[in-house]
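Below, each chain spelled out in residue letters.
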Amino acid sequence: MPATPVIEVERLNVTYGDFAAVRDLSFHVQPGEFYALLGTNGAGKTSTLEVIEGHRRAASGAVRIFGESPRDRRAVRPRTGIMLQESGFSPDLTVRESVGLIGALSGRRDDVDRVLGIAGLTRKASTRVSQLSGGEKRRLDFATAVYGGPELVILDEPTTGLDIQSRDALWAAVDSLRDEGSTIVLTTHYLEEAQQRADRIGLMHEGTLHREGTVAELTQSLPSLIRFALPPGAPEPPIVGALNGAFHIETFSLQHDLHRLLGWAHDTGVELRDLQAGPTRLDDVFRAMSRD
Amino acid sequence: MLEIARNEMIQIFRNRLVLVTGLVIPVVVSGYFVHQHEVFSDLGSLGYIAAIVMFSVLAFGLYITAVTTLASRRQNLFLKRLRATAASDASILAGLVLPVTVIALIQAVAILIVLGVVATGPAQIPLLAVAILATTAMLVALALATAGLTNSPEHAQVTTLPVSLSLIAVASWVGITGTEDHALLKLLLPGGAATELVVNAWNGGVPLADSLVLLPITMAWVLVAVALANRLFRWEPRR
């Protein structure tokens, strides 16, 4: 018997006056899954997340978290950690007081010092929020989201403003939560983060779910790419098209065509300059979606 | 709720601006009236001084501070943050306004005790307590409603003026001139019936039944304020 989804979104519509921000959106997130909701600016990700978080009402459709309405805070919040896109902490409270307050209200139990350690904020425990940098505020936000090891963690642009060390620490903490069985929902503009970690990705465009699947499923519909440049006067290789002065080969058979190209270069004695070859990346899918 | 209130109390004592507007100004204004009680009792009565003390503390200390606090907490998305927890809306709002309400009530009671010591005490303490509590409830609800129309803490300096100055004006008009003329108008104005209740409770000499008639009007203003709060309060900044 399939597990009950942690998040169920059925034909969700969100409107602002006459503007439809989200249109007939449906997707499910399974227990323990890492689901990334990606999209262009204005695609409707934030509106969707706000409904999932219980901050906004849907115009129509149904959203359930653990089988409950997301607005039923008493039922849903103790099982859900939310990292908001914008911080929202009181500037006059210290880091420790902020984590203690939000943690106490979360309905979960944890040790504040342990959580500060996870977020790399131990040395800032007595610092007022008004004196934190943007990156430190994001880490504070993360600390409140993971307080008590919630079953569902919603991460809205979690690494914006973080340096590379802080990003690594954050993802290590998320990996640890996954190992313990937590379900993760991520929105981000850093596509490589989603590509590296997400079990499934939903690509939103203009309020709808344009495509959904694993990274492999999303990228297999687009050709892989071989890029290179040639010295002046060199003959043109087979199966190429010019792109901004360079050469490129789009192929669904990367290994075969790369072998052919290298064979041709060897046989004709031509040097392939700046040679790059690789499978389609998520940002290629993203660009293709934006062009549609 | 208590956890929110405890942290709110910490913030009040760390913010000098809130401390000055919420604690110092009401005490200074009220202290002036108490110090000059002989002058003002000649102008109106001791009951009038009690009413003006109550409205000064509750309007300046409670109402303006609560509006400023709520606007600030909404502007920096702290309200949204609190709503991302398991706390209910009612407990969030109660936790946010509880400290400033308790501080204002303690201030009002303390200043009225001083007035009673340096002059003459109230004739009917229970009636006075009812008037203070009803006015407190009305101003908390009006603070929630006004916060809905207030975009920022700075904006609160403007949006709180109509209610706070009107209440002081009504309390002065009713307290000084009494309700023999224009009785209906004076009692139906916001704070009018509450002022008359305080005056009667402090000065005495009015049958209890006559004073109790003022209660429904006072409570009606509480209900109006609560209805306005329900309609106008916003949890997030306007987009």
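Remember, predicted model here, so these are calculated numbers, not experimental data.

**Q** Which residues make up the interface of chain A and chain B, and what are the values?
**A** Contacts between chain A and chain B engage 23 residues on the former and 18 residues on the latter. Of all elements in the fold, only α2 (73-76) and α3 (95-106) of chain A reach the threshold of two or more residues within the side of chain A that touches chain B. Looking at which element gives the most residues to the side of chain A that touches chain B, the answer is α3 of chain A, with 6 residues. Split into classes, the residues belonging to the side of chain A that touches chain B amount to 10 nonpolar, 6 polar and 7 charged.

**Q** Please give an account of the nonpolar core that cites residues and values.
**A** Ranked by size, the top nonpolar core spans 145 residues in total, and within it Ala 143 of chain A together with Val 53, Tyr 63, Ala 143 and Val 198 of chain B carry the most contacts. The dominant element in this core, judged by the number of residues it contributes, is helix α4 (residues 46-75) of chain B, at 20 residues. Look past the residues within four positions of Tyr 63 of chain B in its chain and what remains in contact with it is Leu 58, Leu 139, Leu 142, Ala 143, Thr 160, Val 163 and Ser 164 of chain B. If you look at the next biggest cluster of nonpolar residues, it comprises 6 residues, including Phe 247, Ile 249, Leu 261 and Leu 272 of chain A.

**Q** Tell me about helix α13 (residues 214-232) of chain B, residues and numbers included.
**A** Residue and element names in this part refer to chain B. Taking 1.5 Å per residue as the helical rise, α13 with its 19 residues ought to reach 27 Å, and the 27 Å between its terminal C-alpha atoms agrees with that figure. Taken together, the buried positions of α13 are Leu 214, Thr 218, Trp 221, Val 222 and Ala 225. Buried residues of α13, viewed axially, fall in a sector of 100°; they line one side. Exposed side of α13, more than 90 degrees from the buried face: Pro 216, Leu 223, Ala 227, Asn 230 and Arg 231 are the residues found there. On its buried face, α13 sits against α7 (125-148), α10 (183-188), α11 (192-203) and α12 (208-212).

**Q** So, the sheet that holds strand β1 (residues 7-16) of chain A: which residues are in play, and what are the values?
**A** Residues and elements named next belong to chain A. If you walk across this open sheet you meet the 3 strands as β2-β1-β4, and the pairing is antiparallel. With one partner strand each, in any of the chains shown, β2 (19-29) and β4 (60-65) form the two edges of the open sheet. Ignoring which end each strand starts from, the neighbouring axes of this sheet average 25° apart. Pairing of β1 with β2 involves 7 bridges; the strand directions are antiparallel. Opposite Glu 8, over in β2, you have His 28 as the bridge partner.

The rules behind these values
Residues numbered from 1 in each chain as written. Chains lettered and ligands numbered in written order. Predicted model: local features only at pLDDT ≥ 70, side-chain atom pairs only at ≥ 80, totals over all residues. Contact = placed C-beta atoms within 7 Å. Helix = DSSP H or I, 4+ residues; strand = E, 2+ residues; numbered from the N terminus. Nonpolar A, V, L, I, M, F, W, Y, C, P; charged D, E, K, R; others polar. Core = buried A, V, L, I, M, F, W, Y, C linked by C-beta atoms within 7 Å. Buried ≥ 20, exposed ≤ 12 C-beta atoms within 10 Å, placed from the backbone. Expected span 1.5 Å × (residues − 1). Arc of directions from axis to C-beta. Pairing = 2+ DSSP bridges. Axes fitted to C-alpha atoms, helices over the stretch in contact; angles between N-to-C directions.

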